[in-house]
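A closer look at the structure
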Amino acid sequence: MLLTPIDFTYEFTANNTILLKKKAGTDDKPRVEVVREMQQEVSGTVMDEQGLPLVGANIVEKGTTNGTQTDFDGNFTLSAGPNVTLVISYIGFRTQEVAVGGQSRIDVTLVENTSQLNEVIVTALGIQKTRSSLTYAAQDINAEELSRVKQSNPINSLSGKVAGVAITRSASGVGGSVKVTLRGNNSFGNNQPLYVVDGIPLSNPTASQPDSNFGSSRGDGGDVLSLINPDDIESLTVLKGASASALYGNAGLNGVILITTKKGKEGTFKVDFSSNLTVERAAYMLDLNDTAEDNADDFFESGLTNINSLSISGGTEKAQTYFSYSNSFASGILPENDLKQHTINLRETAKFFDDVLAVNAGVMASTQKITNRAVPGLYFNPLVGAYGFPADAGKLSDYADFEEYNPDRNIQSQRWFRGTSDIEQNPYWIMHRNPSTDTNKKLLASLNLSFKVTDWLSLQTRGTYDQSLMDFERKVYATTEATLSHANGRYILNKQDVKQLYGDIIANIDYNFTEAFSLNANIGASIRKSTTEVFNADSGTQGGLQFANVFAIQNFNANPQVTLTQSSLSRRVNSVFASATLGYDEKIFVDLTARNDWSSTLPPENNSFFYPSFGVTGILSEMFDLGNGISFAKVRASYAEVGNDFAPNQINPAREIVFGNGVSATDPVRPFPGTIPEPEKQRSFEVGTEWRFFNNRLGIDIGYYNTNTVNQYFPFPTSVAIIGAANAGLNSGEIVNSGVEATVFATPVQTDSFRWKTTLNFSANDNEVKSIYDGTIADGLIEPDFFTVSAKGVNTFGSYLVEGGSFGDIYAQVVKRDAQGRPVVDGDALIINDENPENVVDGLEKVGNANPDFTLGWNNSFSYGNFSLDFLIDGKFGGETVSMTEAVVEGLSNNTSRETTNGSVEVVDLAGNVSTMTAQQYYGLAGGRNGFTGEYVYSATNVRLAEVALGYSFDLEEDSFFSNISASLIGSNLFFFYKDAPHDPNISLSTGNALQGVDILGLPSTRSIGLNVKLTF
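What counts, and where the lines are drawn
Residues numbered from 1 in each chain as written. Predicted model: local features only at pLDDT ≥ 70, side-chain atom pairs only at ≥ 80, totals over all residues. Heavy atoms only, no water. UniProt positions renumbered as here; feature names shortened; annotations may be inferred. Helix = DSSP H or I, 4+ residues; strand = E, 2+ residues; numbered from the N terminus. Rg over C-alpha atoms; globule rule 2.2 N^0.38 Å. Buried < 20%, exposed > 50% of the residue type's maximum accessible area, 1.4 Å probe, protein only. Contact = heavy atoms within 4.5 Å. Areas by Shrake-Rupley, 256 points an atom, 1.4 Å probe, with all protein chains shown as cover. Lys, Arg positive; Asp, Glu negative; His and termini not counted. Charge placed at Lys NZ, Arg CZ, Asp CG, Glu CD. Polar contact = N/O pair within 3.5 Å; in protein donor to acceptor, adjacent residues only side chain to side chain. Pairing = 2+ DSSP bridges. Axes fitted to C-alpha atoms, helices over the stretch in contact; angles between N-to-C directions.

An unreviewed UniProt entry annotates the protein chain as TonB-dependent receptor plug domain-containing protein of Sinomicrobium weinanense. Under the UniProt heading Subcellular location (unreviewed entry), the note attached to the protein chain is "Cell outer membrane". The Sequence similarities (unreviewed entry) field of the UniProt record for the protein chain holds the comment "Belongs to the TonB-dependent receptor family."

Let's shift gears to the overall build of the protein chain. What the protein chain contains, in helices and strands, is ten helices and 59 strands. Over its C-alpha atoms the protein chain spans a radius of gyration of 32 Å, differing by no more than 12% from the 31 Å that the globule rule assigns to 1017 residues. Its C-alpha atoms give the protein chain principal-axis dimensions of about 120 × 65 × 65 Å. Taken over 1017 residues, the protein chain has a buried fraction of 54%. Summarising the internal contacts of the protein chain: among those between residues at least 6 apart in sequence, 68% fall at separations of at least 24. Working note: accessible area of the protein chain is about 41,900 Å², and carbon and sulfur atoms make up 53% of it. The distance from the centre of the 73 positive side-chain charges to the centre of the 115 negative ones in the protein chain is 6 Å.

Inspection of the secondary structure puts Arg-148 in the loop between α1 (143–147) and β14 (165–170). Overall, Arg-148 belongs to the buried group, its relative accessible area being 10%. Separated by 822 residues in sequence, Arg-148 and Ile-970 have C-alpha atoms that sit 8.1 Å apart. Each residue touching Arg-148, except ones within four places of it in the same chain, is listed here: Asp-870, Ala-949, Ile-970 and Asn-1012. A distance of 3.3 Å separates the side chain of Arg-148 from the side chain of Glu-145, its partner in a polar contact. At 3.4 Å, the side chain of Arg-148 forms a polar contact with the side chain of Asp-870.

Read from one edge to the other, the open sheet built from four strands follows the order β6-β5-β8-β9, with strand pairing classed as antiparallel. Both outer strands of the open sheet, β6 (67–69) and β9 (96–99), are each paired with one neighbouring strand and no more. Strand-to-strand twist across the sheet, computed as the mean angle between neighbouring axes with direction ignored, equals 20 degrees.

With eleven bridges joining them, strand β55 (residues 942–953) and strand β56 (residues 964–979) adopt antiparallel strand pairing. Directly across from Ala-949, in β56, lies its bridge partner Ile-970. Bridging between β56 and strand β59 (residues 1005–1016) involves nine bridges; their strand directions are antiparallel. Within β59, the position partnered with Asn-964 by the bridge is Thr-1016.

Considering the arrangement of structural elements, one finds Val-476 in strand β28 (residues 457–476). Note on Val-476: relative accessible area 0%, which makes it buried. Along the sequence, Val-476 and Arg-490 sit 14 residues apart, while their C-alpha atoms lie 4.8 Å from each other. Setting aside chain neighbours within four positions, we find Val-476 in contact with Phe-380, Arg-433, Asn-434, Ser-485, Gly-489, Arg-490 and Phe-551.

Structure (structure tokens):
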């Protein structure tokens, strides 16, 4: 009746839709308009199979943005039409679709996606495969594991959580890089894995790493991994062996870490916000006496790290958006050391033309600025003065006023209680008057187009633009120690611009020949081109500045002693590749891959290298009736070969042009005359088995691998008279790694209100240098006895590769002892041991190896009601480490606690007479940077409480603005259950190959405690 005055009639249709009809005669044509489908309120719960509520599950009306999320009790309420379909999803569970059908209440039980037959995992080149079909070892970590206890570098969160992965943090403090080794060190060259983001190789240039005991003016140059927002990561998968990473070619020689980032999901837009605030204190450092410890405590500050992240995501069935912004602000434990970082990430996904075309586009931009990054080693290091400040000189804080007026020069000069030396200055002067600034920027833009040609064939093409800008500046003021600076000061400026262009095209085939036989194949080609532009300016210690403390290039003295260099390097790799997985009845899978690379850095005669892989998997639980107690079982085996090319300037390097003085007299290392360099090659074999029991409540994955890397390329000593140079490059050398990896996971307790999940990761690797020389005889070639990894220089620590030894072997100067183990003295001098000549290299004796015999990581997760508790215990067993920090401090002062307690050390002279020395006397003789470093060798075994998170999820009202609020008390590196060394053996002075297994005034590791808050609305 209400519609009568406006000449409309209406009726209800069978599907409860109101149709409006204009009366005949009121218009030329009758019209029918759909007003709307009658809405109703639908409520219900979303639970798991054990009846526990799933918090934050998504409930979306299919094909729309109308949706909601469950509250803490798993409840939801949504207004929807009576004939729509609801899509219910939750991470780690299988998505369900439920027709409303006029129901006002719908209760849903989601099934956990733990079936090995159906679980999908991202593999090489972003190809998705079922876990059951994998013929190699792969382990993944979800987003929650990475962000529960946030690290400024998300890769640090992998420690103890993945079998076969060794994580070593940099001793450079906030924003430091990370050393990652998968299945041991394989190469004399690079041993870092390839990082891949959303299927595309990531450019991860390293601006600088220390490689000598002195350190460097820059120290750790950082890496791009610290520029990634941890909250942008959806999952992380580690492909450990060559079989898993062969499709990436030479870039995947050392394994691959795949990072899958978040993207928008169908449904209503949601906002996630998290804030992480932690306080850090220097916790694991040299055992000093009370006075020296008070001075060190006064010098170190409390660090503070704040990481904030905001993301917005959502979309329709056809288009989805994900946007995030994060920032990090940190102040380190060193004075004047801080970090500022900003990252934005935008990702758009869409489907067009009835889902024939899928588009995935994204851009990530990040900027990071670090002031006064810690520099390990002997030079530019404030810890020399902070640790070695003698008790009779007053308090170290008395010299916080670090400068005084010099009327003769009309400048402020360094103030210190005694004359400076090459390694010791006022630590406050170093932080304020030798300041440094690292600025790193990253831009990563990508586009992925996928065309669905048929039900079984699709074409995909991808491209990325990846740019890294790394700038470094250090201003060294006048009156800094002369070994490090000219009288008027020193200015160092370094700029690097690294660009990588990547593109590929791939045909994806997914075809079932019959119900039993299936084929999943990929055929493609790729191109990767990288360019590096480097500018370096250093006024040096001899060239110097014209006017004191004016830090500009135009103030450089115009002489050959200053450094002004500019270089441009490029590399191009063209590739074709193919892979095929043949399946029979979901019981047997055969995996084949092949790839050929053509690299511009190799000579034309050897610039092409081919590498295949082969693997087979058998699903025992599908082949045989193993009983109800066994949920899943499989065995796997694979073999692969991978090649490796060279750095852009390694085969044909150019001689450096000296500023204002022609070319450098030092010729760079070139290939040995008459030889053609060949690519490094790796052969890898692995076998393994996976079992799950009791409806997936208990599982184990165990594997064995053997990797043989040959054709190593490194500089050989040569005759200058014959060759014209002291060194020349030659292919030779072989390194073998073999080991066992195992992961055991279980859910020991699971009730309606309480759940305990636990995972234990174990790995053991045996490394052997089979050879460094293949017996080649040629005029001018000098047969080498060793290859230097860390040169001793004028100090007494070194690391060398020797045939029959292992990567990471440690060499030191050792005290001679008698049969009772007493040190032998000659008057007031200790004597160098001469009883193990077979273990002596370059005047130093082998005293251990930096790598552990085996590692264990025990990860636990408890939930009870609204509470959760997670903790990780991380252990490394075996290996040795040297504390040159202790040696240097005892050589400079009497500040260690063992010197102060002044115990006695029994010694024997050359005639066999026994006497005693005080601890101060003995360690005063043994200490120093070039002393008896063998006295400072400790076991590297350590077991620590690596992570703890105690969380609570708040109950919210149904009409709350927020859909989820949770908070956690978090801690990292809280304490050691066992540690022998006077420092943390889990940190390293360098994330390269050098300086492993030694602490040389490295920044002490910290204990962190804080709060993490997450909001969703």
